[in-house]
Amino acid sequence: MWEAAAISIAEVAHGASCQGRRINALTYPGLSSDQLERNTKDQTGTAGSMLYFCNELIDPRGKSCRIHFNFQACGGMPIPLCQEFIGAFVPVQYMDKFTEFWNPISEEDVYKMLNVTPGHMSGDDLEKALQSLEPGHLAGWEEVWKDMPSGSRQTAERILASMGRSVGGWPMLAGLASFVIPPLSNVDSAATMPSATPENLQAACRARVALLYIDSTPLLGLTMAPKFGIPYAGEKPFYGLTRGLDAETKEQFKDLLGGLPFLSHMLNPRGTCNHAVYLSRCDEANDQYYMWSWGSLYNVTKAMLLGTPAEGHAAANTGMICAAITADRLTWADSDLEVL
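The paragraphs below set out a description of the structure included in this document. (Residues numbered from 1 in each chain as written. Predicted model: local features only at pLDDT ≥ 70, side-chain atom pairs only at ≥ 80, totals over all residues. Heavy atoms only, no water.)

The next thing to look at is the overall build of the protein chain. Across its full length, the protein chain carries 14 helices and six strands. Residues classed as buried in the protein chain amount to 45% of the 340 residues present. Considering only contacts in the protein chain between residues 6 or more positions apart, those separated by 24 or more positions represent 71%. Summed over all atoms, the accessible surface of the protein chain reaches about 17,600 Å², with 53% contributed by carbon and sulfur. (Helix = DSSP H or I, 4+ residues; strand = E, 2+ residues; numbered from the N terminus. Buried < 20%, exposed > 50% of the residue type's maximum accessible area, 1.4 Å probe, protein only. Contact = heavy atoms within 4.5 Å. Areas by Shrake-Rupley, 256 points an atom, 1.4 Å probe, with all protein chains shown as cover.)

Dropping the structure here:
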């Protein structure tokens, strides 16, 4: 599978190893829940992996690929650090180790480590806290890497240092802290929270090539609606359907949609990004945006893409987009290819 080959190439290019990795498997109906979880975790991309592949496969000559996202979705993180966090390609093996390091540490101890309080998890206070981190805060760090191939920890630390270089102090520690700041700020990461702005969408529409990092559920719901007689064609945002309605009307919608594949998600306040699509064309005058996914061309509206502000989140919306990845040129065809 080209997908498995691409994952392997990218991870090895970022210092990971095939040692200890299970074989990437196909996902098919009837797969056990454990196997499905493993496949999903191994195959799921991020805005960072999309940026990497854009520069490697779409414009390898010019390296013109850029990420566009809503800076207000950074969860209090300094913007330069947030940009590095969103755009970094981190092998799944290393992500597991970051989680293994942070999970045993209580929230109270993380606040102490950062020398901040819950009310000061943003702006200058947080930046100063990140600059004050010291190697002594890494107790237990080396222990989590004992079962990894030689050199893995050092490679992961270089990735983290590159992410945290804008902060100063100990960049590696700032990079590592970026994985725990959004949850502490009670704001989901910009990497997974639909929060794109009209300006982000416009940048994608104006680009030579554009990919969107989206929540795939609305696409599936749009396809399923006619099959169940649900009159939904994207004229309204997919999520937050019952927002502002009285209790009786909300119950009616629950009775109508509850249990229907994908359509029941319309009752949720917002979604989570998990899918990459190619933005083929924007017909802004007629409110039609065409994207390729799963071998099909989908036509969606601006309301579906950007939604409306979601309750309880400063930047989140009821739309589909977390980020756009754009390129000024398409140079893969004339790139140097080496046959192994």
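Additional details are given in the paragraphs that follow.
So, about the packing of aromatic side chains. Under the criterion given, the structure shown has 13 aromatic pairs. Taken together, a centroid distance of 5.5 Å and an interplanar angle of 55 degrees make the contact between Tyr-52 and Phe-89 tilted. With Tyr-52 in helix α3 (residues 47–58) and Phe-89 in the loop between α4 (79–87) and α5 (92–102), this pair connects stretches of sequence that are 37 residues apart. Residue Tyr-52 shares its accessibility class with Phe-89, and that shared class is buried. Judged by centre distance (5.0 Å) and plane angle (50 degrees), the rings of Phe-98 and Phe-179 are tilted. Taken as a pair, Phe-98 in helix α5 and Phe-179 in the loop between α9 (171–177) and α10 (181–184) lie far apart in primary sequence, 81 residues in all. Using a relative accessible area of 2% as the deciding quantity, one classes Phe-98 as buried. Each residue in the set Phe-85, Tyr-94, Phe-98, Phe-101, Trp-102, Trp-141, Trp-145 and Phe-179 is aromatic and connected to the rest through ring pairs, giving one cluster. (Phe/Tyr/Trp six-rings, centres within 6.5 Å; stacked < 30°, edge-to-face > 60°.)

Here a disulfide denotes a covalent bond joining the sulfur atom of one cysteine to the sulfur atom of another. Scanning the model with the defined rule gives four disulfides in all. Sulfur-sulfur distance for the disulfide between Cys-54 and Cys-65 comes to 2.0 Å. Between Cys-54 and Cys-65, the disulfide has an S-S torsion of -75 degrees and is therefore left-handed. Taken as a pair, Cys-54 in helix α3 and Cys-65 in the loop between α3 and β1 (66–68) lie far apart in primary sequence, 11 residues in all. (Disulfide = S-S within 2.5 Å.)

Now for the pairing of strand β6 (residues 321–327). Most of β6 is tucked away, with seven of its seven residues classed as buried. Strand direction decides the pairing type here: strand β2 (residues 209–214) and β6, joined by six bridges, are antiparallel. Looking across to β6, one finds that Tyr-213 is bridged to Ala-323. (Pairing = 2+ DSSP bridges.)

Here the focus is the sheet that holds strand β3 (residues 275–283). Spatial ordering of the open sheet is given by β1-β6-β2-β3-β4-β5, a layout of six strands whose pairing is antiparallel. A strand with exactly one partner marks an edge of an open sheet, and here the two such strands are β1 and β5 (296–300). Averaged over all neighbouring strand pairs, the angle between strand axes comes to 30 degrees, with direction disregarded. Lying on the sheet, helix α11 (residues 198–206) is in contact with β1, β2, β3, β4 (288–293) and β6; it crosses β6 at an angle near 30 degrees. (Axes fitted to C-alpha atoms, helices over the stretch in contact; angles between N-to-C directions.)

Attention now moves to the nonpolar core. Core analysis: the largest hydrophobic core is formed by 53 residues, its most contacted members being Tyr-94, Phe-98, Leu-114, Leu-130, Trp-141, Trp-145 and Leu-176. Sequence-distant contacts of Leu-176, defined by excluding residues within four places in its chain, comprise Phe-98, Phe-101, Trp-102, Leu-138, Trp-141 and Leu-160. Ranked by size, the runner-up nonpolar core spans 31 residues in total, among them Leu-201, Tyr-232, Tyr-239 and Leu-306. (Core = buried A, V, L, I, M, F, W, Y, C linked by side-chain atoms within 4.5 Å.)

What follows covers empty space enclosed by the protein. Inspection of the entire model under this criterion finds one cavity of 30 Å³ or more. For the largest cavity, the calculated volume is near 60 Å³. Lining the largest cavity we find Phe-101, Trp-102, Met-113, Leu-114, Leu-133, His-137, Leu-138, Leu-173, Leu-176 and Ala-177. Mapped by element, the contributors of at least two residues to the lining of the largest cavity are α5, α6 (107–114) and α9. The leading source of residues in the lining of the largest cavity is α9, at three residues. Along the lines of polarity and charge, the residues of the lining of the largest cavity split into nine nonpolar, one polar and no charged. (1 Å grid on protein atoms, 1.4 Å probe; cavity = no way out; pocket = protein on both sides within 12 Å on 5 of 7 lines; lining within 4 Å. Points joined across faces, edges and corners; volume = space filled by probe spheres on them. Nonpolar A, V, L, I, M, F, W, Y, C, P; charged D, E, K, R; others polar.)

Attention shifts here to the pattern of salt bridges. Counted under the stated rule, the structure contains nine salt bridges. Note that Glu-100 and Lys-97 form a salt bridge whose closest N and O atoms lie 3.1 Å from each other. Within this pair, Glu-100 and its partner Lys-97 are both found in helix α5, separated by three residues, close to a single helical turn. With a relative accessible area of 38%, Glu-100 lands in the partly exposed category. Between Lys-254 and Glu-251 there is a salt bridge, and its shortest N-O distance comes to 3.7 Å. Taken together, the positions of Lys-254 and Glu-251, both in helix α13 (residues 247–257) and three residues apart, correspond to about one turn of that helix. On the basis of relative accessible area, Glu-251 is assigned to the partly exposed category, the value being 41%. Residues joined in a network through salt bridges with shared partners are Lys-97, Glu-100 and Asp-147. (Salt bridge = Lys/Arg side-chain N within 4 Å of Asp/Glu carboxyl O.)

Attention now moves to the pairing of β2. Counting buried residues along β2, six of its six residues qualify, which places the element largely inside the surrounding structure. Burial of the side chains of β2 extends over both faces: Val-209, Leu-211 and Tyr-213 are buried on one face and Ala-210, Leu-212 and Ile-214 on the other. Where β2 lies against β3, four bridges are found, and the strand directions are antiparallel. Looking across to β3, one finds that Tyr-213 is bridged to Ala-276.

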